[in-house]
Amino acid sequence: MFGKNQPIDVVIIGGGFSGSKMAMDLLQNHQARSVVLIEKNEGMIGGGLAYGAACADSMHQTNLPASRMKGTSYNLDFDFLSGFEDKFSPDRRKVMNRREYGEFIKRRLTRMKARYDDFQIIQGEVHDIKEKGHFNIVSLADGTEIKARHTVIATGNSELKRLPCLSDEVLSDLDIAERVTVNQWDVNEKSKLKNIPRYGSVLIVGTGLSGDDAFRSLLHSGFRGNVIMASRNGYRHFPYRNKHKDLKPYRNSVPAFMWQIRAGNYSPKEVLQSALNEFEQLTGIHVNLETGQLRRKTLWERASQTIRPVPYSSEEVLNNWQRYVPEIAEFLEPKEFGKVISQYGALLNTLRVGAGYDVSREIRNAQKLGARPFLSIKTANLMDVSLSSAGQKLNVTYKDTETGEEQVWQVDHIISSLGPNYDFSRSNHSLWQNLYRRGYASTHATGVGLDVNKNGLLAGAKTITAIGPVTAGQRMLDDGIIGPPAYSVPGMSSSIDRAREAVAQKIRKSVSRNQGAAPKLSPELERLKYAW
């Protein structure tokens, strides 16, 4: 076992944005003497799924402009913005290719590695963590063990949602599996897209931001066939402008529905209806919860219904309302609040952030008659996937959401773009299975992510902290951030900083109990190091 006598101060599992930020800030602030960052895939270092190797050839862009892609120390933010202006554009209001941001973080990691002898990045897959007294033992799949004072889980969006019709049992048929991309961010799975006939047909499951990314990958790979983008409600994110504007704070300091909550004599249903009415007055968007449909009021309707002549965007309103989410969650209680998020999560995600200007324009153009590729957006519940009788295509049985009729699509390929899954209790990965089995991990009361305290410490552990998207449930209760912003660079940063301060304090206590010099990597770990 490495570190048996002198343990590593911090072991970080996951080399994406969250793990990289934690490592760099611990070292820059001299809060840890030795840090080991473990990443399974070399292409994910610095960028993770969102900004890593999977974005290299897909033209995936950030939906936030450079000026809002902040998240680490002041110096790092300054260096990033300066580099963006020098290399890409003098206008910070424009978006950028995601891979470029990942490469920027990776370059900073390389500098940190050269500067700090006791900072190492090793390749490996962690399958277990076991606490022993004031330390823990991190076990890798190849049998390597590392003794650490504290371990930080920063695995990001490692688990993805999947429909029952695309279960492991269905995909055990290799003829079907080779025609289905379950994880569009996995470099190996993306290679399947090269086998799609240029003028074939593709079904993208999901109409959100991940679906947009999948379409853009097809478009820029030279695909010129037909694309169906389908989801239960067909929600589409509003498009951002080419140059982002700062969000406007509106003057209503406290929403009317909050006074109802504080009065204590209104039912949750009455509060919800009040919030929808106020949202419509501010944005001009009517939300029908029964049908799940959104409708933007016309100029004539706004003029006759006391709606602002120039309405706020849904993002501006929800951004201002998020400060009240902790109070709303307390009013409903976390479990009931989690049910609301589960039921209306897709709607909130759609209204909370917009889609990038370029991809929105490309999707709009692809919906025009005669466009190549041609895109149609459908509302449907997928029921079954099977191989066609000729064995050349997939039969996708679905129920049309509007008519209720069962119909069949025949497609050459399916891309699942449903986004991340935060119920780790059902994960097939050995790390999550062992954490739940040992009682260290449990599901958050909202049903979203892990049960952690405000500083990210796992509810059943003393030396294991989680950061980033896996703590989304607690982020809602603490910071009020719901939907995509909870997983964005600026959205995650404050919670990662809180976790870092708490980890640093625990390390100081551990070091004072067990004085000793910082350990060096053993030959056992040297072979796992990335050759940068």
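Heads up: these notes are all about the structure in this document.

1. Concerning helix α16 (residues 430-437)
In an α-helix, one turn spans 3.6 residues; hence positions three or four apart end up facing the same way.
Thought 1: Taken together, the buried positions of α16 are occupied by L431, W432, N434 and L435. Buried residues of α16, viewed axially, fall in a sector of 165°; they line one side.
Thought 2: G439 lies just past α16 and shows a positive phi near 85°.

2. Observations concerning unusual backbone geometry
Thought 1: Note that the residue after R372, namely P373, is joined by a cis bond; omega there is 0°.
Thought 2: Within the secondary structure, P373 is located in the loop between α15 (357-366) and β12 (374-387).
Thought 3: In the Ramachandran plot, E333 falls in the positive-phi region, its phi being about 75° despite a non-glycine side chain.
Thought 4: Along the chain, E333 falls in the loop between α13 (325-332) and α14 (334-352).
Thought 5: The exposed category is assigned to E333, whose relative accessible area is 55%.

3. Some words on the environment of Y235
Thought 1: The residue Y235 is located in the loop between β9 (226-231) and α9 (256-263) in this model.
Thought 2: Between the C-alpha atom of Y235 and that of G206, which follows or precedes it by 29 residues, the distance is 8.9 Å.

4. So, the side chain of N395
Thought 1: By the element assignment, N395 lies in strand β13 (residues 394-400).
Thought 2: By relative accessible area, N395 is classed as buried at 17%.
Thought 3: When residues no more than four places from it in sequence are discounted, the contact partners of N395 are D384, V385, S386, L387, S388, V408, W409 and Q410.

5. A short note on the sheet that holds strand β15 (residues 413-416)
Thought 1: Spatially, β7-β15-β8-β9-β12-β13-β14 is the arrangement adopted by the 7 strands of the open sheet, whose pairing is mixed. Each of the sheet's edge strands pairs with one partner strand only, and the pair in question is β7 (180-181) and β14 (406-411).
Thought 2: As paired strands, β9 and β12 are joined by 6 bridges and run parallel to one another. Paired with I228 across the strands is S376, a residue of β12.

6. Observations regarding the packing of α13 against helix α17 (residues 472-479)
Thought 1: Contact geometry of α13 with α17 gives a least axis separation of 6 Å together with a crossing angle of 105°. The angle between the axes of α13 and α17 places the two elements in the roughly perpendicular class. Contacts between α13 and α17 involve V325, P326 and A329 from the first element and M476, L477 and D478 from the second.

7. Side note on the pairing of strand β2 (residues 35-39)
Thought 1: Within β2, 5 of the 5 residues are buried, which leaves it mostly tucked inside the rest of the structure.
Thought 2: Sheet analysis places strand β1 (residues 8-13) next to β2, joined by 4 bridges and oriented parallel. Looking across to β2, one finds that I13 is bridged to I38.
Thought 3: Between the parallel elements β1 and β2, the chain passes through helix α1 (residues 17-28) in a crossover that is right-handed.

8. Notes on empty space enclosed by the protein
One simple way to see leftover space: roll a probe sized like a water molecule over the atoms.
Thought 1: Taken as a whole and assessed by the stated rule, the structure comprises 4 cavities of 30 Å³ or more.
Thought 2: Of the volumes computed, that of the largest cavity is approximately 90 Å³.
Thought 3: Secondary-structure elements contributing two or more residues to the lining of the largest cavity are α17 and α18 (489-513).
Thought 4: Per-element accounting of the lining of the largest cavity gives the leading share, 4 residues, to α18.
Thought 5: Of the residues assigned to the lining of the largest cavity, the class counts are 5 nonpolar, 7 polar and 4 charged.
Thought 6: The calculated volume of the second largest cavity comes to roughly 60 Å³.
Thought 7: Lining the second largest cavity we find L160, K161, V182, Q184, W185, S210, S416, S417, L418 and G419.

Procedures and definitions
- Residues numbered from 1 in each chain as written.
- Predicted model: local features only at pLDDT ≥ 70, side-chain atom pairs only at ≥ 80, totals over all residues.
- Heavy atoms only, no water.
- Buried < 20%, exposed > 50% of the residue type's maximum accessible area, 1.4 Å probe, protein only.
- Helix = DSSP H or I, 4+ residues; strand = E, 2+ residues; numbered from the N terminus.
- Arc of directions from axis to C-beta.
- Contact = heavy atoms within 4.5 Å.
- Pairing = 2+ DSSP bridges.
- Axes fitted to C-alpha atoms, helices over the stretch in contact; angles between N-to-C directions.
- Parallel < 35°, antiparallel > 145°, perpendicular 65-115°, else oblique.
- Right-handed = clockwise from strand over helix to strand, strands pointing away.
- 1 Å grid on protein atoms, 1.4 Å probe; cavity = no way out; pocket = protein on both sides within 12 Å on 5 of 7 lines; lining within 4 Å.
- Points joined across faces, edges and corners; volume = space filled by probe spheres on them.
- Nonpolar A, V, L, I, M, F, W, Y, C, P; charged D, E, K, R; others polar.

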